[in-house]
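A closer look at the structure
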Amino acid sequence: MVPSEIRQLVERALDAARTAGASYADARYLQEEWEAIDVQDDRLQGVDRGSTAGIGIRVIVDGSWGFAGTARLGLGELDRAAALAVEVARSSGATKAAPVRLAEEPAREATWATGIEEDPFAVALEDKIATLLDASARMRQVPGLGIAEASMDFWRRTSFLATSEGARIDQTITQSGAGVRALAIGEQEVQQRSYPNSFRGHYACKGYEHVRAMDLVGVGPRIAEEAVALLKAPECATMETTLILDAPQLALQVHESIGHPIELDRVLGMEAAYAGTSFLAPPDRGNLRYGSDLINITADATLPGALGSFGYDDEGVEARRSNIITEGIFREFLSSRETAPEVGEARSNGTMRASGWDVIPLIRMTNINLEPGDSSLERMISETDDGVFMSTNQSWSIDDKRVNFQFGCEIAWEIRKGKRRKMLRNPNYAGRTVDFWSSCDAIGSKDEWAVWGTPNCGKGQPGQTARVAHGTAPARFRGVRVGVRG
Amino acid sequence: MSGPVGEERLAETAQAALGASADGVQVLAFHSWGGLTRFASSHIHQNTWREDIEFRVLAVADGNKTGVASTHSLDPSAVRRAAEDALSIARVAPPDPDFPGLAPPSPVAHAATFDEATADTPPADRAAAVATALGEFPAGMEGAGYVETVGDEVLVCSTMGLQAFGRTTRAGISVLAIAADSSGYVERLERRFSDLDPRVLASRAVGKAERSRDPQPIDAGAYTVILEPSATSTLLQFLGYLGFGGKSFNEGRSFMAGKIGEKLAADVITIVDDATAPDALGLPFDFEGTSARRVVLIDHGVATGVVWDRATAKKAGSESTGHALPPPNPYGPLPLNLRMATGEASVDDMIASTERGLLVTRFHYSNVVNEKETVLTGMTRDGTFLIEDGRIAHGVKNLRYTQNALEALANVEAVGSETEISTEMFFGGSRAPALKIRDFKFSSTTTH
């Protein structure tokens, strides 16, 4: 809970903004604590522990937005920041635009917190370091391994949002993640294997129980052996074939080729100059075939424990579950109170989040999930005569309208006559978004479905990093180009 | 509006940490303030201002155990708590035999890096720059982009008696011109807002969008390319990230490892990192307080060196070049002020000398395919043109490149005579010229 003296500061900032001339204002206090621990080989690379706190004041004046955020929370400084937000908004009148109109939203008073079993900040630092050093030591036992890495990250965000419409929302979100990585270094190549996922591991809105549930130490020899073996494995051939993706790789595929294109701010051109736009347009709702009948995509910020879950977004809209794609047909964008009315929607579907107190909220993915099918990885492989099974993302790239993509994975295996065969190095695949999702002919069932946190989603200027997630199971795609070379 | 806090107040606040009962303490203070005005659909849609302050404290216990803690407060009691937290971390950290110790004081060159007018830019001036840029747009074309002005102060001080302080400003404008089926883009970064001319930048972006109307599909394959400075910067900054840092070099992961003295690029390619150049945007010292040196990384195509911080230099038996990142830093030192030496050609010369090729304005969302071989992939965007018989024939639909960056630099046929600072999505800015490169590989195409 945010202390009462902080609430008073937020109320003061809100009053100052209204007094200065804002027709709408919100003031958002955010305090974030973090702890990041990095181990490489037998050395602690560093522990980064810190906190940041500040207030961001967002206003509408004469139909235009203005914003000021400050870490300096003295009364005079807050008053100046509120006045500056109004001055910034007034300056926006230098260019002509239709006045900002916000979708209706009930003003809620609420308190919400992530349910955790074990506070990660209360676990002794030396125990966390020892776990990571143990994990690293197990990887280093494998002959030929170059580098072993292990890391943990913890965040706690405590926020209080007050709006001039009367919303008062207090939230505490706790997030945890950890992972290990083994690197084998050859003359020409570096090969890596990560667990449970690449890019520092597996993340969730959970406490330290999330880390304890991972077998960071026990998995070390397997991934280290795979990294070393990859150096001598044959390269994934260039061909068009059947592709099976594991769930973590599919999570990033969903992220880049569904999660971003459905952001309504991108669709409306608001991110055009930097991150790009989208191939989607408002009339595509209910009409565009995005994928095969098997493709059902939801945006669900209410999933317990998922990294993209919260109680209320940073506009005070309650978290919800939306059907984005149903049986392959595109249905709904991710929206905000400003953008929803622009496409005729009465309400925002609650996706506005800011990475810090010093930046404005943007439309961000929540948990964008590919709903489970009825197959299994084993069955998909057994049904495949010729194909490739790829695991764990290593590289990603997609064009500015989210059409042409190319992904690299850490490891792959050849599939011949229904069996997983030899290991392949440097696997990658490329395609176009709608063609790719239309080629999906099998998705794993809920037994293999899990929510994978993506803690590094970048968007906006100044750059914001959001923590989002994707529920996925392994899936199969036909006629995909793999082994792309320059 | 805010302004500088000043060396004296930052140093005075940092004293609260330097008094901690540790074997040594280093304090890194950042103060940043400024405004960012974004526009899209030809109007200002996001208009923001922010001010942040951070004290990042590194404490040393038992000679070689370290911890880092930080606070975003100018309150000395918060800075003291951060120091105590850093020390509590250091006490439970395992010993680090490679810890190089805190940096000794080193003379720091004073550079003219701060422009008061830029630091004090009112919101109305940024908005006016947007309006000026949009004034260059013809009917039927929409504008998007940003205007930003920022002031920064950085202080490094320690119980070794080191104190380095720098104050910088930065201003940037980007303009994207969007026509029915084409687009054009320009971005510029300078120390002084007054050095940026939104009218000139906008007319250049509009011109590109005009010339690339009705883009034609083109097959993937190998082409002679002319990369404008922004596209060159993408290659340069990925090379900096992948291989010009001392840590990846020591670990053998860098493409430079074992290659010093070898020819890696064409004779016309020289790459340096130089924060002290008058037209660079960096500080004259690093985040350990060591003076930043000019480091020649590739000299006329030959690999000559990498950048070091204190830890990686100690391991390699070398000396810090003043390229440390803020602690704790698992990534090692990086070159944050890369620049490629100019040649003698203009972009027009390059086009005129090209029988068939592609002119690329910029790349989008590039990423690493193979780090040691420096294979990258990414898309073209916002102005890609076919060149035929020494002239721009027409715009083309965008392509995906999948290309070994070092191989591209080995295939350079001409280097531009002018440089620009460009940003790459995941990195800072670098100063680069245009390049003409043969056999640049495009692996697929897209719909627009």
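Model, not experiment: these values are computed from the prediction.

1. A look at the overall build of chain A
Summing up its helical and strand segments, chain A has nine helices and 23 strands in all. Scaling as 2.2 N^0.38, a compact globule of 486 residues should have a C-alpha radius of gyration of about 23 Å, and chain A matches this with 24 Å. Dimensions of chain A, computed from the C-alpha atoms along their principal axes, are close to 70 × 55 × 40 Å. Looking at chain A residue by residue over its 486 residues, the buried ones come to 62%. Sequence-distant contacts, at least 24 apart, represent 76% of the contacts inside chain A between residues at least 6 apart.

2. A word on the packing of helix H1 (residues 7–18) of chain B against helix H2 (residues 76–92) of chain B
Residues and elements named next belong to chain B. Packing of H1 against H2 leaves a shortest axis separation of 7 Å and a crossing angle of 35°. Here the hand of the crossing between H1 and H2 comes out right-handed. Packed against H1, whose contacting residues are Thr13, Ala14, Ala16 and Ala17, the element H2 presents Pro76, Val79, Arg80, Ala82 and Ala83 at the interface. For the contact of H1 with H2, the class distribution of residues is seven nonpolar, one polar and one charged.

3. Quick notes on the domain arrangement of chain B
One widely used convention gives an interface's size as the accessible area the parts lose upon coming together. Residue and element names in this part refer to chain B. Domain boundaries in chain B define domain 1 (7–205) and domain 2 (215–448). Taking the mean C-alpha position of each, domain 1 and domain 2 sit 24 Å from one another. Contact with domain 1, which involves 30 residues of that partner, is made by 29 residues of domain 2. Where the side of domain 1 that touches domain 2 is concerned, the elements lending two or more residues are strand S2 (43–61), strand S4 (142–158), strand S5 (163–178) and strand S6 (183–190). No other element matches S6, which puts six residues into the side of domain 1 that touches domain 2. Classifying every residue of the side of domain 1 that touches domain 2 gives 16 nonpolar, seven polar and seven charged.

4. Overview of the interface of chain B and chain A
Contact residues are listed per partner, giving 80 residues for chain B and 67 residues for chain A. Element by element, the count of residues in the side of chain B that touches chain A is highest for S2(B), at eleven residues. Among the residues making up the side of chain B that touches chain A, the classes are represented as 33 nonpolar, 32 polar and 15 charged.

5. A short note on the environment of Glu319(B)
All names here are of chain B. Relative to the helices and strands, Glu319 resides in the loop between helix H8 (310–316) and strand S11 (338–340). Among the residues examined, Glu319 registers 12 C-beta atoms within 10 Å and is labelled exposed. Distance in space between the C-alpha atoms of Glu319 and Trp308 is 7.0 Å, their sequence separation being eleven residues. Beyond its immediate sequence surroundings of up to four residues, Glu319 is in contact with Trp308 and Ala313.

6. Regarding the nonpolar core
Counting 283 residues, the largest nonpolar core has Ala13(A), Ala17(A), Ile57(A), Ala85(A), Val57(B) and Ala59(B) as its most contacted members. For this core, the element with the most residues is strand S5 (residues 147–163) of chain A, which contributes nine residues.

7. Digging into the confidence of the model for chain B
Overall, the prediction assigns chain B a mean pLDDT of 95, with 99% of residues at 70 or greater. Across the interfaces of the predicted complex, the ipTM metric reaches 0.96, alongside a pTM of 0.97.

8. A closer look at the domain arrangement of chain A
All names here are of chain A. You can read the domains of chain A as domain 1 (4–232) and domain 2 (239–482). One C-alpha centre belongs to domain 1, the other to domain 2; they are set 21 Å apart. Facing 43 residues of domain 1, the contacting portion of domain 2 comprises 40 residues.

9. Some remarks on unusual backbone geometry
Cis geometry is adopted by the peptide bond preceding Pro462(A), which originates at Gln461(A) and carries an omega value of -5°. Within the secondary structure, Pro462(A) sits in the loop between strand S21 (450–459) and strand S22 (464–472). In this structure, the amide linkage connecting Pro327(B) to the following residue, Pro328(B), adopts the cis form with an omega of -10°. Among the secondary structure elements, Pro328(B) is positioned in the loop between H8 and S11. Backbone geometry places Asp62(A), a non-glycine residue, at a positive phi of 50°. Inspection of the secondary structure assignment puts Asp62(A) in the loop between strand S2 (43–61) and strand S3 (64–70). Classification of Asp62(A) by C-beta neighbours within 10 Å gives partly exposed; the count is 15. In this structure, His300(B) takes a positive phi of about 50° despite not being glycine.

10. A closer look at the packing of helix H1 (residues 4–19) of chain A against helix H2 (residues 75–91) of chain A
Residues and elements named next belong to chain A. Between H1 and H2, the least distance of the axes is 8 Å, while the angle of their chain directions is 40°. Here H2 runs oblique to H1, going by the angle between their axes. Crossing hand, H1 versus H2: right-handed. Packed against H1, whose contacting residues are Leu9, Arg12, Ala13, Ala16 and Ala17, the element H2 presents Leu75, Leu78, Asp79, Ala81, Ala82, Ala83, Ala85 and Val86 at the interface. Across the contact of H1 with H2, the residue classes tally to eleven nonpolar, no polar and two charged.

11. Re the pairing of strand S12 (residues 356–370) of chain B
Residue and element names in this part refer to chain B. Among the 15 residues of S12, twelve are classified as buried, and the element is accordingly described as predominantly covered. In terms of strand pairing, strand S7 (residues 221–227) meets S12 through four bridges, oriented parallel. Along S12, the bridge assignment pairs Leu227 with Val360. Pairing between S12 and strand S13 (residues 375–388): eleven bridges, direction antiparallel. The partner of Leu359 across the bridge, within S13, is Phe385.

12. A look at the environment of Lys441(B)
Within the fold, Lys441(B) resides in strand S17 (residues 429–445). Note: C-alpha distance between Lys441(B) and Asn404(B) (37 residues apart in sequence) is 8.6 Å. Ignoring sequence-local partners within four residues, the contact set of Lys441(B) consists of Gly486(A), Ala222(B), Tyr401(B), Thr402(B) and Gln403(B).

13. Some remarks on the sheet that holds strand S10 (residues 297–300) of chain A
All names here are of chain A. Within the open sheet, the four strands sit side by side as S12-S11-S10-S15. Their pairing is antiparallel. The outermost strands of the open sheet, each flanked by one partner alone, are strand S12 (329–330) and strand S15 (368–370). Here two bridges tie strand S11 (residues 321–326) to S12, and the two strands are oriented antiparallel to one another. By the bridge assignment, Thr326 is partnered in S12 with Ile329. In this fold helix H6 (residues 247–259) packs onto S10 and S15, with an angle of close to 115° to the strand it touches most, S15.

14. A short note on H6(A)
Between its first and last C-alpha, H6(A) extends only 16 Å over 13 residues, short of the 18 Å set by a 1.5 Å rise per residue. The buried fraction of H6(A) is high, at 13 of 13 residues.

15. Comments concerning the pairing of strand S6 (residues 168–185) of chain A
Residues and elements named next belong to chain A. Burial runs high along S6: 15 of the 18 residues are buried. Of the strand pairs in this sheet, strand S4 (residues 109–113) and S6 are connected by five bridges, and their pairing is parallel. Each bridged residue has a counterpart across the sheet, and for Glu109 the counterpart in S6 is Arg168. Relative to S6, S5 runs antiparallel, the two being bridged by 16 bridges. Residue pairing across strands places Ala148 opposite Ala182, the latter belonging to S6. Once S5 ends, the chain turns through four residues before running back antiparallel as S6, passing Gly166 with a positive phi of about 110°. Relative to strand S8 (residues 202–204), S6 is paired through three bridges, and the arrangement is antiparallel. Counterpart to Ser176 in the pairing with S8 is Ala204.

Calculation rules
- Residues numbered from 1 in each chain as written.
- Chains lettered and ligands numbered in written order.
- Predicted model: local features only at pLDDT ≥ 70, side-chain atom pairs only at ≥ 80, totals over all residues.
- Helix = DSSP H or I, 4+ residues; strand = E, 2+ residues; numbered from the N terminus.
- Rg over C-alpha atoms; globule rule 2.2 N^0.38 Å.
- Buried ≥ 20, exposed ≤ 12 C-beta atoms within 10 Å, placed from the backbone.
- Contact = placed C-beta atoms within 7 Å.
- Axes fitted to C-alpha atoms, helices over the stretch in contact; angles between N-to-C directions.
- Left-handed = near helix turned anticlockwise from the far one by under 90°.
- Nonpolar A, V, L, I, M, F, W, Y, C, P; charged D, E, K, R; others polar.
- Domains from an automatic or database assignment.
- Core = buried A, V, L, I, M, F, W, Y, C linked by C-beta atoms within 7 Å.
- pLDDT = per-residue confidence, 0-100.
- Parallel < 35°, antiparallel > 145°, perpendicular 65-115°, else oblique.
- Pairing = 2+ DSSP bridges.
- Expected span 1.5 Å × (residues − 1).

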